[in-house]
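Fold and contact review
Single-letter residue listing:
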Amino acid sequence: MKRVTSPKANSSKRPKKSQEPQKVPTIDSVHEALDFLESATKTRSLPVQLSVNLIQRTARSEGLPGDILIKLIAVIGRKKFSEAVCRRLIRSLLPFDVVPVIAVLKTISWMGVGNISIALQVGIYYADLMRWIVAVYDHIDKKDDLHSIYGIIFHYIECDIIFGGCYDCWDTKDADASLTIFRQIYLSPFACHLLYLLTRKEDVLPFRVRRVIALQSKVGAQPYLTGLLTLYKTYRPDLVTVQPKQKQKFFRSLGGWDSLIKEVKSRTLHILTPSVPEIQYTMVHQEEDFVRPEIQYQSVLGKSGIKTFQELQSLLENLKPPNGILSVLRSPVRRIILSSCTDRTLLVRMKFLLRVLLFDEPFHFAEGKKRRGRHILRTLTDVTEELQEGIPEVESFLIHYLQVWNGLQWRSSVLTLISRWPLRPFVELKEFVLKPLHKLLCSSSLEFQCSILECLTQLCKNWAVVELPRYKQTKMRQEINVNDSVPVISSVFDQEVEELDAEECLMELAAYIGHICITALMLNPTSPPLLIYHILRFYHMTVDFYYTHDTTLLALPSAPVVYSCLFSTNVFCLSEICRLITRYRGMIQLLKQRIGVQLQRHIDELNNYILDISNTIWLNKAFKPESESVLFKVPIPVSISHSIDNPSETFLLLYHPALTAMTQNFLKKAGDRVQHPHQVISDRAVRNAYLQYLSSHYMSGITGFLQTFIKMS
């Protein structure tokens, strides 16, 4: 019997129609690839792979512009493609020039969205995206906008991962343990690294310090938490007590991001800066600066082709300095060429490289870079001393660095750079330089206090001797348009002269240094000779300004300084204060011949000092109420009269504690010629012999004072 088959069964045996091959769209640019990824409905197709390949290839070869980065981050943030595709797209976030801050803000905002898969949110965002933000931090255009969400980023160091309704993927018994593991592995290290880069002094608040310490107590002393606490301690030592290990590496590597970015930048550098192709973007992160490359020059500079110095000077523009800025500044010959060359392109290039060196490489905070930091600062110190002026980029660096300087690290170099601070309004100098130094002065040792006084003394000298004449001549040159052939003390950096009262700024600086001297004496009640030496050295220098540079700086020592030296037990202090008062008297005598100089206040003050010193060491009128002296009307040494029978003779030249040993030696040598010590005052021959004896022992300050102000019969 013939079997009857159903139509359905017959249809299954019919041959299938041949399907037409799928047409693959042509994708020629990154813009077309991004547009296709945004509109793609199938996440696993050949066009998707071609688009991802094109984006990745373009990013590796030349980098992606800012607008492309923003679109690419939007594509990554949507729940659309597989984890492997998203990872490839993330690794393609290599910037061509700068990274728009909106791209970073969108990246952080996507982290809080719950529509991303668990694997993507944990494995990519907390590892790759946060690491990418840290890697491109130096290339972000507006860091202030990123800093505005500091509190949100701080939340990520301990926040729980948002699952977005995907709890079914996890075993509920191990969910809490998994969260802790992922938080430690993916989130905290890179969040702490980003916070480390963003932190400012105003960001260090007590509640944030407590949260970091609490997290550290849970997960242990992790390096990234210790690094963040160390930075917090730098800004607010009163809130943090943690002591980090020396030479500890705080943060993890960036997983190859830094090398990828450097590689792309090295390819695109000639496009960004065609006028100075020698600049290496990655210069500050390498060690080539320690290698001294040879100066490259053209054959026209051969020895046989140069016969005069003028020819050499005219051919300096042909020199091509090496890429490493430290290699240029370390060589005295290259420094001379740099300061003598009329081509301002070299100067602009040097300023740019210095800014990159000082601000893109925070060597003062980095661990294990003390040798490099010392090398950089010593080189800059040599340059400023040779040029006799401060470098603008170094000035900007010191403004930031002095706010966190502990007074110990690279003390000599930092103080030398401060002493070459350019002439600025005193308000700016006080805010950015003098206030940080004053804080360190009040909590430091005697040696450091003397170092600060020496630094400020050299700063005052630099202003009076170099900066003030340079300011006057440059101002005159700008006002009357003097010919360039007129010799002036010009600046290498050709900065615009700021309108200010230069002499008034100098007077305010001298007055502030006098205030520093009083503060140092209050911190050291015993008035150590080392401190007195540095104080008197400053006041002697103000007198030298008038005699050697014709700069009038009337800065008489304050009363605590004069009387500390007068009653000191050190003979040097007594002699030097007498010599200083004598020198001031000679300067004021010369200034009285000038018209328009107001001297009455200084004359009255100087006369008081002369009268007090004369009454004390020669006239036997110390501590007497009827004396015309100003000092002894103030009850400073009142207690002396109760413990000493004749206090007025205590500080006479014969019995002064500072001269007791010298007087005894003189009387022993005099022998029978001196029957009583008072013969030194009453007997003219003995007095002259005694004064000559003091002069032979380098006490000419005392003898000069007596010969100037005491009429001896």
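Residues numbered from 1 in each chain as written. Predicted model: local features only at pLDDT ≥ 70, side-chain atom pairs only at ≥ 80, totals over all residues. Heavy atoms only, no water.

**Let's talk about the pattern of salt bridges**
Tallied over the full model, the rule gives eleven salt bridges. Between Arg-200 and Asp-144 there is a salt bridge, with the nearest N and O atoms lying 2.5 Å from each other. Taken together, the residues Arg-200 in the loop between helix H10 (175-198) and helix H11 (206-219) and Asp-144 in helix H8 (residues 143-147) connect sequence positions 56 residues apart. Overall, Arg-200 belongs to the partly exposed group, its relative accessible area being 30%. One continuous salt-bridge network, built from bridges that share partners, spans Glu-389, Glu-467 and Arg-470. (Salt bridge = Lys/Arg side-chain N within 4 Å of Asp/Glu carboxyl O. Helix = DSSP H or I, 4+ residues; strand = E, 2+ residues; numbered from the N terminus. Buried < 20%, exposed > 50% of the residue type's maximum accessible area, 1.4 Å probe, protein only.)

**A few points about the confidence of the model for the protein chain**
On average, residues of the protein chain carry a pLDDT of 75, and 69% of them reach 70 or more. When the criterion is pLDDT under 50, residues 272-304 qualifies, and its contacts beyond four places in sequence or with other chains add up to 64 contacts. (pLDDT = per-residue confidence, 0-100. Contact = heavy atoms within 4.5 Å.)

**Details of the packing of aromatic side chains**
Per the stated rule, a full pass over the model turns up eleven aromatic pairs. With a centroid separation of 5.4 Å and an interplanar angle of 10°, the aromatic rings of Phe-397 and Tyr-401 are classed as stacked. Here Phe-397 pairs with Tyr-401, and both are found in helix H19 (residues 392-401), just four residues apart, close to one helical turn. Classification of Phe-397 as buried rests on a relative accessible area of 3%. Ring centres 5.1 Å apart and planes at 65° place the aromatic pair Phe-666 and Tyr-690 in the edge-to-face group. Taken together, the positions of Phe-666 in helix H29 (residues 660-670) and Tyr-690 in helix H31 (residues 684-696) put the pair 24 residues apart, joining distant regions of the chain. (Phe/Tyr/Trp six-rings, centres within 6.5 Å; stacked < 30°, edge-to-face > 60°.)

**Overview of the nonpolar core**
Ranked by internal contacts, the top residues of the largest apolar core, which has 183 residues, are Leu-93, Leu-146 and Tyr-232. When residues of this core are assigned to their parent elements, the largest contribution, twelve residues, is made by helix H22 (residues 446-480). Apart from residues lying up to four places away in sequence, Leu-93 is in contact with Leu-69, Leu-72, Ile-73, Ile-76, Leu-129, Trp-132 and Trp-257. (Core = buried A, V, L, I, M, F, W, Y, C linked by side-chain atoms within 4.5 Å.)

**Details of helix H3 (residues 46-62)**
End to end, H3 covers 24 Å across 17 residues, agreeing with the expected 24 Å (1.5 Å per residue, within 8%). Buried residues of H3: Pro-47, Val-48, Ser-51, Val-52, Leu-54, Ile-55, Gln-56, Thr-58 and Ala-59, and no others. Two residues or fewer past H3, Gly-63 is found with a positive phi of approximately 80°. (Expected span 1.5 Å × (residues − 1).)

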